[in-house]
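Here are the chains, one letter per residue:
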Amino acid sequence: MSYERPAEPAIRIEGLTRRFGGNAVLDRLDLRIGPGEFLALLGRSGSGKTTLLRTLAGLDPVEEGEVLVPRNVAVVFQESRLLPWRRVWENVTLGLPGRDARDRAVAALEEVGLGHRLEAWPLTLSGGEAQRVGIARALVREPEFLMLDEPFASLDALTRLRMQAMVGRLWQKRRCAVLLVTHDVDEALLLGDRAVVLDSGRIRTELPVALDRPRRHDDPGFAPARRALLAALDVHETV
Amino acid sequence: MLDMTVRPRSEAGTATPGTPTRAEAGRLRRAVPTGLLRRSVSPLLLLLVWQAASSSGLVSPQTLASPSRILSTAVGLTTDGTLPRNLLVSLARAGSGLAIAVVAGVALALLAGLSRLGEEAIDAPMQMLRTLPALALVPLFILWFGIGELPKIALVALGSTIPIYLNLYKGIRSIDPKLLEMGRTLGLSRAQTIRQIVLPGALPDLLTGLRFSVGISWLMLVVAEQVNANSGIGHMMTDAEDFLRTDVILVGLLVYALLGLLSDQVVRVLERTLLAWRPSQGGRA
Ligand SMILES: Nc1ncnc2c1ncn2[C@@H]1O[C@H](COP(=O)(O)OP(=O)(O)OP(=O)(O)O)[C@@H](O)[C@H]1O
Ligand SMILES: [Mg+2]
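Residues numbered from 1 in each chain as written. Chains lettered and ligands numbered in written order. Predicted model: local features only at pLDDT ≥ 70, side-chain atom pairs only at ≥ 80, totals over all residues. Heavy atoms only, no water.

Caption draft 1: Highlighting the packing of aromatic side chains. As enumerated under the stated definition, the model contains six aromatic pairs over all chains in all. Where Phe 38 of chain A meets Trp 171 of chain A, the ring centres are 5.4 Å apart and the plane angle is 85°; that geometry is what we call edge-to-face. A residue pair is termed long-range when its members are at least 10 positions apart, and Phe 38 of chain A in strand 3 (residues 38-42) and Trp 171 of chain A in helix 5 (residues 157-174) qualify at 133 residues. With a centroid separation of 5.5 Å and an interplanar angle of 70°, the aromatic rings of Trp 85 of chain A and Trp 277 of chain B are classed as edge-to-face. (Phe/Tyr/Trp six-rings, centres within 6.5 Å; stacked < 30°, edge-to-face > 60°. Helix = DSSP H or I, 4+ residues; strand = E, 2+ residues; numbered from the N terminus.)

This is the structure in structure tokens:
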């Protein structure tokens, strides 16, 4: 598969190995993400996607191999991980320096459609709202590299579609490099410039998504891409 | 000893009856006072029987003073200044003991909860102290500190430091690691992490500890003042014992009950205001 990678990758991973008690979850993994590239990472459960993301976020150590990430990264976890005792806008400004922190938080929350919930307590938010606060908290830092670990997995189908569209819009505006971990093949194809599949510790499949944006399910190229990706995940649809 | 890290039951002590249907609403207008009345029937009846038994001489005042006698004694003790004076002394002892306990308990729990060294130095002795019934220290404290204010305040302080320490320490240690991890990805400094995540997260446990402490401080005080004191509610009661004044003793008991009730309410109000973020506390914004 030929794919034009930018000369200067924003993220470079070479020979990354991560072991838990002997067996390598990540095994000499190589991966590059270009500046402003939206990469979708798939892989079966337990294949090490979260482990990779945690390593890139600096939460797990790099034991073997080399990892190069920009300074300014942000993470959105599957659970929103908001501080219940801080109001919504205070959660967004957490650790943010500067006098205009609140204004920036308000702007970010308006961007994700939560301008009316600034003063709310996190425990009163719906799942989708809480996840949007998590996204606002990541975006307000204007990261060069944004990581999302199954951010929509716990949301209902309709909310998920809306959030995917929102993330797509926000990314097109900001153009930061994005790593989206997902189980959802459609999601990968709707958002990613490229989809990669992690299997037995390495990137085994790499699929450039050459569909026009804004992406649509009824794009003629969608079904073949979907099939290819599912095949890489060892799923063969026969209905 | 009691396991003092158990959360006390929340407001659920008195279950609220279900919301009535529309059909019941008419009946309800009278039903609320009747319900209250019905609930107060048996205590009132008990009081009446008690009064009757006392008035008829069935129960001598040396055994148990009559309700009317208790009331008039309470009024008398209040107007002649005996009760207010002793109450103030008791309040000052409980207050200063509790204040010391809060400062010491919080400081120790922070040290043990936030640093490995602190944990090693502090936690083991505190866990040992917890198994010791503090009341058993009374004789020792009297030997050490004599009969002044010191042994009483020290006893209150010691007894109520422990639940504050235990609960706050547990609270700090059980902060959701996912939140701490999130703090790391946001680049929070250690001080910011403590201020934004650890302390507010452990606050509910601190308040639980405080609630236990308040209860224990009264318990300590009762014993300390009854064993040796020349002022305070406990002293007023032991003094009355010598003169077979059961009415004074019962007034003292009543005062203790009210104090306990009142201080518990204060902590509840604290919880409601400080933990407004909990939806169950009415914090929906
Ligand atoms: N701290 C740990 N200690 C031991 N084993 C771990 C640890 N973290 C992850 N693992 C193991 O590493 C493997 C990969 O886990 P990881 O969470 O990265 O998978 P994943 O691809 O994110 O799966 P999912 O799609 O279910 O989220 C799993 O087998 C898991 O049990
Ligand atoms: Mg995972």
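On we go from here.
Caption draft 2: Quick peek at the site of ligand 1. All names here are of chain A. Surveying the vicinity of ligand 1 reveals the residues Phe 20, Val 25, Arg 44, Ser 45, Gly 46, Ser 47, Gly 48, Lys 49, Thr 50, Thr 51, Glu 150 and His 183. Here an oxygen atom of ligand 1 sits 2.8 Å away from a polar atom, N or O, in the main chain of Gly 46. Out of a free accessible area of 630 Å², ligand 1 has 55% covered by protein chains. With three residues, helix 1 (residues 49-56) is the single largest residue contributor to the shell around ligand 1. Grouping the amino acids of the shell around ligand 1 by side-chain chemistry returns two nonpolar, seven polar and three charged. (Near = heavy atom within 4 Å. Polar contact = N/O pair within 3.5 Å; in protein donor to acceptor, adjacent residues only side chain to side chain. Areas by Shrake-Rupley, 256 points an atom, 1.4 Å probe, with all protein chains shown as cover. Nonpolar A, V, L, I, M, F, W, Y, C, P; charged D, E, K, R; others polar.)

Caption draft 3: Layout of the packing of helix 6 (residues 149-173) of chain B against helix 8 (residues 190-227) of chain B. All names here are of chain B. It is the contact of helix 6 with helix 8, at a shortest axis distance of 7 Å, that shows an interaxial angle of 155°. In terms of orientation, helix 6 lies roughly antiparallel with respect to helix 8. In the crossing of helix 6 with helix 8, the sense of the turn from one axis to the other is right-handed. Along the lines of polarity and charge, the residues of the contact of helix 6 with helix 8 split into 15 nonpolar, eight polar and three charged. (Axes fitted to C-alpha atoms, helices over the stretch in contact; angles between N-to-C directions. Parallel < 35°, antiparallel > 145°, perpendicular 65-115°, else oblique. Left-handed = near helix turned anticlockwise from the far one by under 90°.)

Caption draft 4: Local environment of the pairing of strand 9 (residues 202-208) of chain A. Residue and element names in this part refer to chain A. Here six bridges tie strand 8 (residues 194-199) to strand 9, and the two strands are oriented antiparallel to one another. Across the sheet, the residue bridging to Leu 198 is Ile 203, located in strand 9. Joining the antiparallel neighbours strand 8 and strand 9 is a turn of two residues, in which Ser 200 adopts a positive phi near 45°. (Pairing = 2+ DSSP bridges.)

Caption draft 5: View of the confidence of the model for chain B. Residues and elements named next belong to chain B. For chain B, per-residue confidence averages 86 on the pLDDT scale, and residues scoring 70 or more make up 87% of the total. Model confidence for chain B, summarised as mean pLDDT per element, is weakest for helix 1 (residues 22-55) at 76 and strongest for helix 7 (residues 177-185) at 96. In this model, residues 6-26 is a region of pLDDT below 50 whose contacts with residues beyond four sequence positions or in other chains number 14 contacts. Confidence metrics for the complex model read pTM 0.82 and ipTM 0.90. (pLDDT = per-residue confidence, 0-100. Contact = heavy atoms within 4.5 Å.)

Caption draft 6: Looking closely at the sheet that holds strand 5 (residues 73-76) of chain A. Residues and elements named next belong to chain A. On the basis of which strands lie adjacent, the open sheet formed by six strands has the order 5-6-7-3-8-9 and mixed pairing. One side of each edge strand has no neighbouring strand; the edge strands of this open sheet are strand 5 and strand 9. Neighbour-to-neighbour, the strand axes of this sheet turn through a mean angle of 20°, independent of strand direction.

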